[in-house]
Amino acid sequence: MAVGVVTYTNPVSGTVPPTAVQMLPLSRVVALVSFGDTDTTCTITHNMNIPQASSPSQHGQNSGSPLVVIGYSTSGTGPAVIAFSRTTNTITLLKVGAAGSGGTFEVQIERYEPIE
């Protein structure tokens, strides 16, 4: 199982994820993920401490978060199929390893904070 490369662009730059302390006042992480055709997985650490269980009666981050938006930054020669799973502090991308499925993807992870 080959692994894609994560480069963070907001709120930090580079391959080191933001810390939990950095993410306390923030609600969004943006990263570029470079996948080769044979790469099938990669983990993005957002460190927003978003609980797995959610309840609409609880405030903010427990109400269906995070919002994950995945888009091409640079496409490969064929289609890519990507799914994701999450934990409290990470998003794991799962890509079908197929010819032409590589490319660079922009991944935006946002914590939902409703107004009460």
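Each value, and the rule that gives it
Residues numbered from 1 in each chain as written. Predicted model: local features only at pLDDT ≥ 70, side-chain atom pairs only at ≥ 80, totals over all residues. Heavy atoms only, no water. Salt bridge = Lys/Arg side-chain N within 4 Å of Asp/Glu carboxyl O. Helix = DSSP H or I, 4+ residues; strand = E, 2+ residues; numbered from the N terminus. Core = buried A, V, L, I, M, F, W, Y, C linked by side-chain atoms within 4.5 Å. Buried < 20%, exposed > 50% of the residue type's maximum accessible area, 1.4 Å probe, protein only. Contact = heavy atoms within 4.5 Å. Pairing = 2+ DSSP bridges. Axes fitted to C-alpha atoms, helices over the stretch in contact; angles between N-to-C directions. Phe/Tyr/Trp six-rings, centres within 6.5 Å; stacked < 30°, edge-to-face > 60°.

### A closer look at the pattern of salt bridges
- Applying the stated rule across the entire model yields one salt bridge.
- Between Arg-28 and Glu-110 there is a salt bridge whose closest N-O contact spans 3.7 Å. Here Glu-110 lies in strand S8 (residues 103–110) and Arg-28 lies in strand S3 (residues 28–35), a separation of 82 residues in the sequence.

### Looking at the nonpolar core
- Within the largest apolar cluster, 18 residues are counted, with the highest numbers of intra-cluster contacts made by Val-6, Tyr-8, Val-33, Cys-42, Ile-44, Leu-93 and Val-107.
- Taken together, the elements giving at least two residues each to this core come down to strand S2 (5–10), S3, strand S4 (39–45), strand S7 (90–95) and S8.
- Tallying contributions element by element places S3 first for this core, with four residues.
- In contact with Val-6, other than residues within four places in its own chain, are Gly-14, Thr-15, Ala-31, Leu-32, Val-33, Cys-42, Thr-43 and Ile-44.

### Things to note about the pairing of S4
- Where strand S1 (residues 2–3) lies against S4, two bridges are found, and the strand directions are parallel. Paired with Ala-2 across the two strands is Asp-39, which belongs to S4.
- Strand direction decides the pairing type here: S4 and S7, joined by five bridges, are antiparallel. Paired with Thr-41 across the two strands is Leu-94, which belongs to S7.

### Observations concerning the sheet that holds S8
- The four strands are arranged S2-S3-S8-S5 in an open sheet whose pairing can be described as antiparallel. The sheet is open, and its two edges are formed by S2 and strand S5 (67–75), each paired on a single side. Across this sheet, the average inter-strand angle for adjacent strands is 25°, counted without regard to direction.
- Relative to S8, S3 runs antiparallel, the two sharing eight bridges. Paired with Phe-35 across the two strands is Gly-103, which belongs to S8.

### Observations concerning unusual backbone geometry
- Residue Pro-11 follows Asn-10 across a cis peptide bond; omega there is 5°.
- Position of Pro-11 among the secondary structure elements: in the loop between S2 and helix H1 (20–23).
- You will see that Asn-47, though not glycine, has its phi angle at about 55°, which is positive.
- Its identity is not glycine, yet Asn-49 carries a phi of approximately 50°, on the positive side.
- Of note, Asn-49 is situated in the loop between S4 and S5.

### With respect to the packing of aromatic side chains
- Inspection of every chain in the model, using the stated rule, returns two aromatic pairs.
- When the centroid spacing of 6.0 Å and the interplanar angle of 65° are considered together, the rings of Phe-35 and Phe-105 count as edge-to-face. Within this pair, whereas Phe-35 is found in strand S3, its partner Phe-105 is found in strand S8, the two being separated by 70 residues in sequence. Here Phe-35 and Phe-105 have matching classes, each one buried.
- By the ring-pair criterion, three or more aromatic residues cluster together here, those being Phe-35, Tyr-72 and Phe-105.

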